[in-house]
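Coordinate analysis (summary)
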Amino acid sequence: MIPFQRIVQTLSLAAFLILLGLAFFPVPDWAPVDAFLRLDPLVLAGTVLADRAWIAALAPAVLILALTVVLGRFFCGYLCPMGTTLDLTDRLARIPRSAGKGRSSGELSAQDDPSAPILPPPSQPSSGLRRVKYLILFFILAAAVLGVSTVFLASPLSLITRFYTLLVHPAASLLGDAALHVLRPLALHLDWTWAAYAELHQPRFTTQWFLLLFFLAVFSLARWSPRFWCRYLCPSGALLALVGRRPLIRRTVSETCTDCGACQRRCPMAAIPANPSRTIHEECIACQECVRICPVQAVTFQPSREFGGKTPSFSPQRREALLAGLAGAGTATLTYTGLLEVRDEMLPGDITPETLLRPPGSLPERYFLARCIRCGLCMRACPTNTLQPIWFQAGAVALFSPRLTPRRGPCEPECTACGRVCPTGAIRDLPLTEKTWAKVGTATILRHKCLAWEWNKKCLVCDEVCPYDAIDLRRVATHSQPVPFVDGRKCSGCGFCEYHCPVRAASAIIVEPMEALRLGAGSYKVHGQDMGLMLHVVSPDQAEYAPFDLETPDTAFAPLPDAVPDKDALPPGFTP
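What you see is a predicted model; the values in this text were computed from it and never measured.

Side note on the overall build of the protein chain
The helix and strand inventory of the protein chain stands at 23 helices and 8 strands. Taken over 576 residues, the protein chain has a buried fraction of 51%. Taking the contacts inside the protein chain whose residues are at least 6 apart along the sequence as the reference set, 74% of them involve residues at least 24 apart. For the protein chain, the exposed area adds up to about 27800 Å²; of that, 63% sits on carbon and sulfur atoms.

What follows is the structure in structure tokens.
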């Protein structure tokens, strides 16, 4: 019979993956695609401390902490997608020991086979390595107290979402599209039109090799012990362990125990010491493997207030905790004194990376980095694949945070998916009327690369594709062909011009974060109008949407008075 824990784990992982699958434009209103990320207590603690504000969206993590007081670390054993994934990969990474160390190749051990002979219990596991996860926790919390969030480094929900979103999903899409291509002749033969012409969205991301190597390392740690990450490294597990040191419902061993040690050897968290009647409750994930393996049914999980003697504790010592906290504070200090730290001050000497374009609706940089947990959900939801994780362009503290990459894809004016799926509010969930005014930057023409400016060639691509009618073609005395000009008041920084520019390799028109509008609260439209912006999406059939008596679509797309039509010469970017 399939254990209850396995059933819950399977359902939980399936729900997690289904929600990730739904996190794509247009995101269904009924789907809580970020639900699992809101359950991580480390995300709650680290983000609230770093942002210095209560984030109501993370309230479900409080419920998890409250239930941990009653049930212990049930979240690790039943709900955490990272733990379930590790249970799956542990089976692949585990290598049989040699015959001289207890079993031969192809032979099951007592840990795998309940009917195998019961061996004497091993010695108590070392407590030193277990302290590492507490030290990581104190490091993250100390940095967060000083306003720097490093939650993304070790939060299991952030990591596993990034794994499936940025690594597994692109690979699955690539393989799925290849399968459709192979089956296309058969689909045409069977007149399955939907299958013959089906295509899968194929996103591509940076940092993939790092993610691959990182998770290969995490998965391969199963060679030393099952759930190595959960036992020794997970700071969320450490936080739950501190809360669940004395759960109300806990492992209890009756007097019928024969001290065979089978439960100790099967415990995936090594939460049972040399004396199997005792339990290290802060390490127990309530998987109940010990209940299933016990040959005399001496183990149960039930309400209890008795401890039955002193059990070993794996909490770090005071000096270790202090050093970890100081390391976190030192990291925050280095961040504030780093030259690449992006500040929101308009002062001389403040350096802002030229290519750092945040998603529309992003909070001011300091608050954005405090809240962003680098889960990658916004990148998953983006229909144009323009959102990419960055490396160190904005300093180490901004590692893996999302940025717009217009050369890869533009920001669709009709899309608000990134704000819709953000679990912490680092990207505001804006209605479409507000998102239109969330200016992310301004396009700049590089005249030394522009076909019209530099080579005096006819090119109107940027003007044609701009959904905000921010680019005009004008006659100048030095050129026989019209040349483009950008009206910064109309430009939202969407990047359509940079994406479609026919110049290679880099575009002749780029979007820079100049005049980007980033608000923690308030209306983008009101602020934009106060700044003199005139942002609106222009389409031929929506002339009535043009405010401020601006150009109508008819005039915006009308030919220039001096333009000379040349039917034989097509502009760059067009084919006959």
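Points about helix α3 (residues 60-71)
Its 12 residues place the ends of α3 16 Å apart at the C-alpha level, agreeing with the 16 Å of an ideal helix rising 1.5 Å per residue. Those residues of α3 that fall on the buried side of the exposure criterion are A61, I64, L65 and T68. Along the axis of α3, the buried residues cluster in a sector spanning 100°; they form a single face. Contacts from the buried residues of α3 go to α2 (41-51), α4 (74-79) and α11 (235-243).

Brief notes about unusual backbone geometry
At the junction of F25 and P26, the peptide bond is cis and its omega measures out at -5° in the coordinates. Its place among the elements puts P26 in the loop between α1 (4-22) and α2. Looking along the chain, the bond that leaves R504 and enters A505 is cis, with omega of 0°. Mapped onto the elements of the fold, A505 is located in the loop between α21 (496-500) and β8 (509-512). In this model, A270 sits at a positive phi of 50°, which is unusual for a non-glycine residue. With respect to the helices and strands, A270 occurs in the loop between α12 (262-266) and α13 (289-293).

Topic: the confidence of the model for the protein chain
Averaged over the protein chain, the pLDDT score is 85; the fraction of residues at 70 or greater is 85%. Overall, residues 98-125 carries pLDDT values under 50, and its contacts beyond four positions in sequence, including any with other chains, amount to 42 contacts. Here residues 543-565 is modelled with pLDDT under 50, and outside its nearest four sequence neighbours on either side it reaches 30 contacts, counting other chains as well.

Details of the side chain of H169
Here H169 lies in helix α7 (residues 156-189). Judged by relative accessible area, which is 17%, H169 ranks as buried. Not counting residues within four places of it along the chain, the set of residues in contact with H169 comprises Y164, P203 and R380.

Re the packing of aromatic side chains
Applying the stated criterion across every chain, the model contains 15 aromatic pairs. Residues W391 and F400 carry aromatic rings whose centres are separated by 5.9 Å and whose planes lie at 55° to one another, so their mutual orientation is tilted. A relative accessible area of 33% means that W391 is categorised as partly exposed. Through successive ring pairs, a cluster of aromatic residues spans F16, F36, F163, Y164, F210, F214, F215, F219, W391, F392 and F400. Looking at R474, its charged tip hangs above the ring of F485, at a distance of 4.7 Å from the centre. The positively charged end of R518 is found above the aromatic ring belonging to F368, 5.7 Å away from the centroid.

Here we look at the state of the cysteines
If you walk through the whole model with that rule in mind, you get 0 disulfides. The closest cysteine sulfur to the non-disulfide-bonded C260 is located on C263, 6.1 Å from its own sulfur. With relative accessibility at 18%, the residue C260 sits in the buried group. No disulfide involves C459; its sulfur sits 6.1 Å from the nearest other cysteine sulfur, which is in C462.

Notes on the environment of P410
Inspection of the secondary structure puts P410 in the loop between β4 (402-404) and α17 (417-421). Residue P410 is classed as buried on the basis of its relative accessible area, which comes to 5%. In this structure P410 touches T384, T386, C494, G495, F496 and Y499, once residues within four positions along its chain are discounted.

Looking at the environment of F163
You can see F163 is positioned in helix α7. Not counting the four nearest positions on each side in its chain, F163 is found in contact with V168, F215 and F219.

Structural notes on a nonpolar patch on the surface
There is a patch of nonpolar side chains on the surface, built from V182, L183, L186, L190, W192 and W194 and spanning about 680 Å² of accessible area. Tallying contributions element by element places α7 first for the nonpolar patch, with 3 residues. On the secondary structure map, L183 appears in helix α7.

Some thoughts on the pattern of salt bridges
Oppositely charged side chains can form a pair if their charged atoms are brought close together. Counted according to the given criterion, the structure contains 14 salt bridges. Residues participating in the shared-partner salt-bridge network are R73, R130, K133 and E283.

Digging into helix α6 (residues 131-145)
Between its first and last C-alpha atoms α6 spans 21 Å; for 15 residues at 1.5 Å apiece the expected length is 21 Å, and the two agree. Directly after α6, the chain includes G147, whose backbone phi takes a positive value near 95°.

Let's talk about the nonpolar core
Generally speaking, a soluble globular protein has its nonpolar side chains buried in company with each other. Among the nonpolar cores identified, the biggest contains 130 residues, and M82, W229 and I509 are the most heavily contacted of them. Residues within four places of M82 in sequence aside, it is in contact with P156, I160, F215, V218 and W229. Among the nonpolar cores identified, the runner-up in size contains 8 residues, and L430, A438, Y524 and L535 belong to it.

Concerning the packing of α2 against α6
Between α2 and α6, whose axes approach to 7 Å, the crossing angle comes to 30°. For the element pair α2 / α6, the angle class is roughly parallel. Regarding α2 and α6, the two cross each other, and that crossing is right-handed. Contacts from L42, A45, G46, L49 and A50 in α2 reach L137, I140, L141, A144 and V145 in α6.

The rules behind each value
- Residues numbered from 1 in each chain as written.
- Predicted model: local features only at pLDDT ≥ 70, side-chain atom pairs only at ≥ 80, totals over all residues.
- Heavy atoms only, no water.
- Helix = DSSP H or I, 4+ residues; strand = E, 2+ residues; numbered from the N terminus.
- Buried < 20%, exposed > 50% of the residue type's maximum accessible area, 1.4 Å probe, protein only.
- Contact = heavy atoms within 4.5 Å.
- Areas by Shrake-Rupley, 256 points an atom, 1.4 Å probe, with all protein chains shown as cover.
- Expected span 1.5 Å × (residues − 1).
- Arc of directions from axis to C-beta.
- pLDDT = per-residue confidence, 0-100.
- Phe/Tyr/Trp six-rings, centres within 6.5 Å; stacked < 30°, edge-to-face > 60°.
- Lys NZ or Arg CZ within 6 Å of the ring centre and 35° of its normal.
- Disulfide = S-S within 2.5 Å.
- Patch = residues over 30% accessible without salt bridge, like charges linked within 9 Å, V, L, I, M, F, W, Y side chains within 5 Å.
- Salt bridge = Lys/Arg side-chain N within 4 Å of Asp/Glu carboxyl O.
- Core = buried A, V, L, I, M, F, W, Y, C linked by side-chain atoms within 4.5 Å.
- Axes fitted to C-alpha atoms, helices over the stretch in contact; angles between N-to-C directions.
- Parallel < 35°, antiparallel > 145°, perpendicular 65-115°, else oblique.
- Left-handed = near helix turned anticlockwise from the far one by under 90°.

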